[in-house]
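Each chain is listed here by its residues.
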Amino acid sequence: MLHEYNIGEILQTLRMNKEISIEDLTKNICSVEEYEQFEKESAYPTVDQLYLLGQRLQVNLMYFFSMAKKSNQNYSQLIIKLIDKYKKERDYKTIHKIVLKEQKSPVFENVQLKQYLKWHEGICIYYLHNDVQTAISILENAIKLTNPNMGDLTESELEILTSIAMIIYETKNYKEASLNFQRALDNLKSLPTIVDPKVKIRILFGYAQSLTGEEEYLLSLDFCKQGIDICIEEELMYLFAELLYQTGENYIKFGDRNLGRKYVKHSIYICELTKQEKLAQIMKSELARMENVSN
């Protein structure tokens, strides 16, 4: 937690040395009153607030934690949480900026941490520049950091393979994407345990999408059901709405419009309930499009 660090004193010293007013420092990050609490250490910034304040003060997160004399492990975990946050927001520009900075940091010399940054570098290259070939090459090299032959993949390596498969899916090469998802699923089954059930959910969802693209609607429905069952069993909302939507899309394309519409409406409701307004709007537009095509 950030209250374990002397963040307030560091913020105040930097602000005064840089001769930046609180108003200028906090604009679009937090309120002046909230920031004053940070300096007094009666409240503490979130990791993303600290990251943005650091940008204004011309220092990175590592500066705060090195000054506070805390461990590199705490710092690397906070960077990972920060990247995960921006990934949920699909803010790949910010992620890429963080990745490029941290790749120069000695904190990320550990091969697993290097792999994590390389993984997200590949994702950013694709979404920022639509450079499929370079992105996939970076992702494959990320796997090779810990597995040169790319055989018997670990859980973290399978996450990277899933990203490769998703990029291939987005190029509409559904057959090749399905082969990669199947490979990921086969590797996952060979693992003695699965630490994070979200890894399997992501593979199942991606596979279902690819199969829908191949017009294999019944097979896609089977993978959607497997994913939904895991969400329910593990009490996870991760990709739950998306799996419901994919189920509905399959039924509509298969010819059962009433059942399909029911599933899509359930998915929209969940998105609205969890404040995923953008995704809900996309689903509504897609439902209207599919119904127009069916008419």
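Scroll up to find the structure this text is about.
Fair warning: this is a prediction, and the values are worked out from it, not measured in the lab. (Residues numbered from 1 in each chain as written. Predicted model: local features only at pLDDT ≥ 70, side-chain atom pairs only at ≥ 80, totals over all residues. Heavy atoms only, no water.)

Can you break down the overall build of the protein chain residue by residue, with the values?
Across its full length, the protein chain carries 16 helices and 0 strands. Here the protein chain, with 295 residues, has 46% of them falling under the buried criterion. In the protein chain, of all internal contacts separated by at least 6 residues, the share reaching a separation of at least 24 is 59%. Roughly 15800 Å² of accessible area belongs to the protein chain as shown, and the carbon and sulfur atoms make up 49% of that amount. The average position of the 36 basic charges and that of the 42 acidic charges among the side chains of the protein chain differ by 3 Å. (Helix = DSSP H or I, 4+ residues; strand = E, 2+ residues; numbered from the N terminus. Buried < 20%, exposed > 50% of the residue type's maximum accessible area, 1.4 Å probe, protein only. Contact = heavy atoms within 4.5 Å. Areas by Shrake-Rupley, 256 points an atom, 1.4 Å probe, with all protein chains shown as cover. Lys, Arg positive; Asp, Glu negative; His and termini not counted. Charge placed at Lys NZ, Arg CZ, Asp CG, Glu CD.)

Can you lay out the environment of F205 for me, pointing to particular residues and giving the numbers?
With respect to the secondary-structure elements, F205 resides in helix α12 (residues 197–213). Each C-alpha atom of the pair F205 and N147 lies 25 Å from the other, and the pair is 58 residues apart in sequence. With residues near it in sequence (within four places) discarded, F205 still touches L239, E242, L243 and Q246.

Please set out the pattern of salt bridges residue by residue, giving values where relevant.
Considering all chains together, one arrives at 10 salt bridges under this definition. Of the charged contacts in the structure, one is a salt bridge between D48 and K85, with a shortest N-O distance of 3.4 Å. Here D48, found in helix α4 (residues 47–57), pairs with K85, found in helix α6 (residues 72–88); they are 37 residues apart in sequence, far enough to count as distant. Residue class for D48 comes out buried when judged on its relative accessible area of 18%. (Salt bridge = Lys/Arg side-chain N within 4 Å of Asp/Glu carboxyl O.)

An account of the nonpolar core is needed here, citing residue identities and associated values.
The biggest cluster of nonpolar side chains holds 93 residues, and the ones touching the most others in it are L11, Y35, L61, F64, Y75 and I83. Per-element tally for this core: the top contributor is helix α10 (residues 155–170), with 9 residues. Excluding its chain neighbours within four sequence positions, the residues that come into contact with Y75 are L61, M62, F65, E102, V107 and F108. (Core = buried A, V, L, I, M, F, W, Y, C linked by side-chain atoms within 4.5 Å.)

Lay out unusual backbone geometry in plain terms, naming residues and giving numbers.
Although it is not a glycine, N28 sits at a positive phi angle of roughly 65°. Structurally, N28 is set in the loop between α2 (22–26) and α3 (32–40). Unusually for a residue other than glycine, Q58 sits at a positive phi of about 65°. The residue Q58 is located in the loop between α4 and α5 (61–67) in this model.

Explain the side chain of T212 to me, and be specific about the residues and the numbers.
With respect to the helices and strands, T212 occurs in helix α12. Separated by 2.9 Å, the side chains of T212 and Q246 make a polar contact. In contact with T212, other than residues within four places in its own chain, are Y217, S220, Q246, E249, N250 and K253. (Polar contact = N/O pair within 3.5 Å; in protein donor to acceptor, adjacent residues only side chain to side chain.)

Lay out the packing of helix α7 (residues 92–102) against helix α8 (residues 111–129) in plain terms, naming residues and giving numbers.
α8 packs onto α7 with a crossing angle of 140° between their chain directions and a minimal axis gap of 9 Å. Overall, the two elements α7 and α8 adopt an arrangement that is oblique. When you trace α7 past α8, the crossing you get is left-handed. In this structure, α7 contributes Y92, K93, I95, H96, V99 and E102 to the contact, and α8 contributes L117, H120, E121, I123, C124, I125, Y127 and L128. Tallied by class, the residues present in the contact of α7 with α8 amount to 9 nonpolar, 2 polar and 3 charged. (Axes fitted to C-alpha atoms, helices over the stretch in contact; angles between N-to-C directions. Parallel < 35°, antiparallel > 145°, perpendicular 65-115°, else oblique. Left-handed = near helix turned anticlockwise from the far one by under 90°. Nonpolar A, V, L, I, M, F, W, Y, C, P; charged D, E, K, R; others polar.)

Describe in detail α12, supporting the description with residues and values.
The terminal C-alpha atoms of α12 lie 25 Å apart, and with 17 residues this matches the ideal 24 Å at 1.5 Å per residue to within 8%. What α12 keeps buried is the set V199, I201, I203, L204, F205, G206, Y207, A208, Q209, S210, L211 and T212. Looking at the buried side of α12, the elements it contacts are α10, α11 (174–189), α13 (217–234) and α14 (240–254). Between a side-chain oxygen at the N-terminus of α12 and the backbone nitrogen of K198 the separation is 3.0 Å; the capping residue is D196. (Expected span 1.5 Å × (residues − 1).)

Break down the packing of aromatic side chains for me, citing the residues and quoting the values.
Here the structure, examined in full by the defined rule, presents 9 aromatic pairs. Considering the side-chain rings of Y126 and Y127, the 4.8 Å spacing of their centres and the 75° angle between planes classify their relative orientation as edge-to-face. By relative accessible area, Y126 is classed as buried at 7%. Taken together, the ring pairs in this structure connect Y92, Y126 and Y127 into an aromatic cluster. In this arrangement the basic side chain of K85 is found over the ring face of Y86, its NZ or CZ atom lying 4.6 Å from the centre. A cation sits over an aromatic face here: K198 above Y238, 5.6 Å from the ring centre. (Phe/Tyr/Trp six-rings, centres within 6.5 Å; stacked < 30°, edge-to-face > 60°. Lys NZ or Arg CZ within 6 Å of the ring centre and 35° of its normal.)

Describe helix α1 (residues 7–18), naming the residues involved and giving the relevant values.
For α1, with 12 residues, the first-to-last C-alpha span of 16 Å sits near the 16 Å given by 1.5 Å per residue. Every buried residue of α1 is accounted for by I7, G8, I10, L11, L14 and R15. Looking straight down α1, one finds that the buried residues subtend no more than 165° of arc, so they occupy a single side. Opposite the packed face of α1, turned more than 90 degrees from it, sit the exposed residues E9, M16 and N17. Among the residues trailing α1, E19 stands out with phi positive, at a value near 55°. (Arc of directions from axis to C-beta.)

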